Amino acid sequence: MNRFERLFASRWGLPVLYVVFLGAYLGASSGRLRQHSPYNHFVYLAEGWLKGRLDMPVPPPNENDWARVEVLHLKDGRTLKGMFGKTGPTDRFYPLRGPSVTIDNEQIASRSDIRYVSFPPFPAVLMLPFVAVSHLRFNDVLFTAIWAAINPMLLFLLLRRLKTRGYSKRSIGDDLWLTVMFGVGSVYYFVSVIGQVWFTAHVVGITCAIGYAWASLDAVYPALAGLCVGLGFASRASMGFMAPFFVFEAVRATGGWERLRKLRREGLPAGLLTKLVRFAIPAGAVLTALLVHNYLRFQQFSEFGHKYLNIGWQDRMQRWGLTNYHFLSRNLTCALLLLPRIFSQYPFLKVSDHGMSMLVTSPALGYTVAPAERSPLARGLWITILATALPTLLYHNSGFQQFGYRFSLDYIVFLVMLLAVGGRRFTRLFKTLVIFGIAINLFGAIVFDRFGGVFAYNDSFFPHGNN
């Protein structure tokens, strides 16, 4: 072990990691740190709670991704809450509950609206103490950068846990390469320096994913794993689909699938059932709180409010729904194939508003499909990745606007774990690919949503409207 590795094996290693990544995020954020972002939805959500309200306490500062429920006071004395359709007849009104009705202007005595934050609320819970002091002035950009620096440090701990439990043969140096690849060599870099509701949710969600993976190994801490998957769902709805990894680990820790098949007539082994119940209780508690929060606002347990987003492609959502096979081909293209445009003169490179392929922003992830060793964790990790990826691959939105395919952050922790347990030596080529990822993501962290959009372009790759 060289001097560098000894540093990170000592008690100073984690603080050094935190300071280094915090510097990387604050440095790339730069002028953004002067004030909160224009899309600080979680601050408004927390402020509403502090005022005893579930809706927004003041009108939204802009019209980007705020839920809008129309309130119609009819001349016959009825009051309806819901929305008018964007496809089909323009007089079709869709109440919060029940079938649609036809409402024409002659029937309406007056109308107003109620505004909500539709995003899963856990990041707002974390902001509550700070919003209580600063209120709507609270700086979500600074909060996101400070919180983001925690995740590479936690990931390094997770990678070392894989080593101590015998699943990884990686040295401290190897684990540092993986940590750097995640922290500044992936799209995690650009989401960490901007604030904004979508990106803050990713940063908090990854904390939950790391905690979940750490607790799920050998199913040692089922209650913590259940809490983390619940809080992940409360940050990013797609992260509720991380659950398979714990199930695989619980089965493996209690005799494996072969033993389970032999005992299927007798029921689940007692140890397995205990672990699953202990996992389910905290996850179910978080889920219940979310469902109640939804119902109190939208009179439906399953409605976070995205159905009521006041956005230009509302008609597409009403025609196809939030998720549909219709969107799969374009999302797969965005995740794996979309490339930047190269020019011979300034600005030399432009990135689609729909982002770039993961294999451009983090090419070293390609090593996940070529392991040198077969790990007992691999099957559970791959199924977890597929389960977590599927909701966003079927989603009506590609992640627009983004520098790279940001939805990959929902499962990037499990991809990094695959690299750790795969056993393939980190050659000069692998490290070159990591360095390439650092360069391109540093560029993204600096230029995304800046310089008048000169480094970005928009096209019909994923058009608005019904398409």
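Preceding block: the structure.
Residues numbered from 1 in each chain as written. Predicted model: local features only at pLDDT ≥ 70, side-chain atom pairs only at ≥ 80, totals over all residues. Heavy atoms only, no water.

Draft legend 1. Here's a closer look at the overall build of the protein chain. Summing up its helical and strand segments, the protein chain has 19 helices and eight strands in all. For 467 residues, the compact-globule estimate of 2.2 N^0.38 gives 23 Å, and the protein chain sits close to it at 23 Å. Oriented by its inertia axes, the alpha-carbon framework of the protein chain measures out at about 80 × 70 × 45 Å. Excluding contacts between residues fewer than 6 apart, the proportion of contacts in the protein chain whose partners are at least 24 apart in sequence is 75%. Element-wise, carbon and sulfur atoms account for 61% of the exposed surface of the protein chain, whose accessible area totals about 20500 Å². In the protein chain, which carries 47 positive and 25 negative side-chain charges, the distance between the mean positions of the two groups comes to 9 Å. (Helix = DSSP H or I, 4+ residues; strand = E, 2+ residues; numbered from the N terminus. Rg over C-alpha atoms; globule rule 2.2 N^0.38 Å. Contact = heavy atoms within 4.5 Å. Areas by Shrake-Rupley, 256 points an atom, 1.4 Å probe, with all protein chains shown as cover. Lys, Arg positive; Asp, Glu negative; His and termini not counted. Charge placed at Lys NZ, Arg CZ, Asp CG, Glu CD.)

Draft legend 2. Representation of helix H9 (residues 197-216) in the model. Taking 1.5 Å per residue as the helical rise, H9 with its 20 residues ought to reach 28 Å, and the 28 Å between its terminal C-alpha atoms agrees with that figure. Within H9, 19 of the 20 residues are buried, which leaves the element mostly enclosed by the surrounding structure. Aspartate 218 sits one or two residues past H9 and shows a positive phi near 60°. (Expected span 1.5 Å × (residues − 1). Buried < 20%, exposed > 50% of the residue type's maximum accessible area, 1.4 Å probe, protein only.)

Draft legend 3. Representation of the layout of surface pockets in the model. If you add up the space inside the largest pocket, you get close to 970 Å³. As for the largest pocket, its lining consists of 40 residues, of which Phe119, Arg236, His306, Tyr395 and His396 are closest to the centre. Contributions of two or more residues to the lining of the largest pocket are made by H9 and helix H17 (378-393). Per-element accounting of the lining of the largest pocket gives the leading share, four residues, to H9. In the lining of the largest pocket, the residues fall into 20 nonpolar, 14 polar and six charged. Lining the second largest pocket are 17 residues, with Leu336, Met358, Trp382, Tyr411 and Leu415 positioned closest to its centre. Looking at the lining of the second largest pocket, the elements that each hand over two or more residues are helix H15 (328-336), helix H16 (358-361) and H17. No other element matches the six residues that H17 contributes to the lining of the second largest pocket. In terms of residue class, the lining of the second largest pocket is made up of 15 nonpolar, two polar and no charged. (1 Å grid on protein atoms, 1.4 Å probe; cavity = no way out; pocket = protein on both sides within 12 Å on 5 of 7 lines; lining within 4 Å. Points joined across faces, edges and corners; volume = space filled by probe spheres on them. Nonpolar A, V, L, I, M, F, W, Y, C, P; charged D, E, K, R; others polar.)

Draft legend 4. A look at the pattern of salt bridges. In total, this model carries 14 salt bridges according to the counting rule given. In this structure, the salt-bridge partner of arginine 53 is aspartate 55, at a minimum N-O distance of 2.9 Å. A relative accessible area of 34% places arginine 53 in the partly exposed class. A residue is classified by how much of its surface remains accessible, and aspartate 55, at 21% relative accessible area, is partly exposed. A salt bridge links arginine 68 to aspartate 113, with the shortest nitrogen-to-oxygen separation between them at 3.1 Å. (Salt bridge = Lys/Arg side-chain N within 4 Å of Asp/Glu carboxyl O.)

Draft legend 5. Region of the structure containing the packing of helix H11 (residues 244-253) against H17. Axis separation between H11 and H17 bottoms out at 8 Å; the angle between their running directions is 160°. Here H17 runs roughly antiparallel to H11, going by the angle between their axes. The two elements H11 and H17 cross, and the hand of that crossing is right-handed. Contacts from Pro244, Phe245 and Phe248 in H11 reach Arg379, Gly380, Leu381, Ile383, Thr384 and Ala387 in H17. (Axes fitted to C-alpha atoms, helices over the stretch in contact; angles between N-to-C directions. Parallel < 35°, antiparallel > 145°, perpendicular 65-115°, else oblique. Left-handed = near helix turned anticlockwise from the far one by under 90°.)

Draft legend 6. Quick peek at the packing of aromatic side chains. All chains considered together, the criterion is met by 33 aromatic pairs. An angle of 75° between the planes, with centres 6.0 Å apart, marks the rings of tyrosine 346 and phenylalanine 455 as edge-to-face. Here phenylalanine 455 lies in the loop between helix H19 (428-447) and strand E8 (456-457) and tyrosine 346 lies in the loop between strand E6 (341-342) and strand E7 (349-352), a separation of 109 residues in the sequence. Members of the aromatic cluster, joined through ring pairs, are Tyr39, Phe190, Trp198, Phe199, Tyr346, Phe348, Phe403, Phe443, Phe448, Phe451 and Phe455. A cation over a ring is seen here: arginine 161 above tryptophan 214, with NZ or CZ 4.2 Å from the ring centre. The aromatic ring of tyrosine 457 is capped on one face by arginine 341, whose charged end is 3.8 Å from the ring centroid. (Phe/Tyr/Trp six-rings, centres within 6.5 Å; stacked < 30°, edge-to-face > 60°. Lys NZ or Arg CZ within 6 Å of the ring centre and 35° of its normal.)

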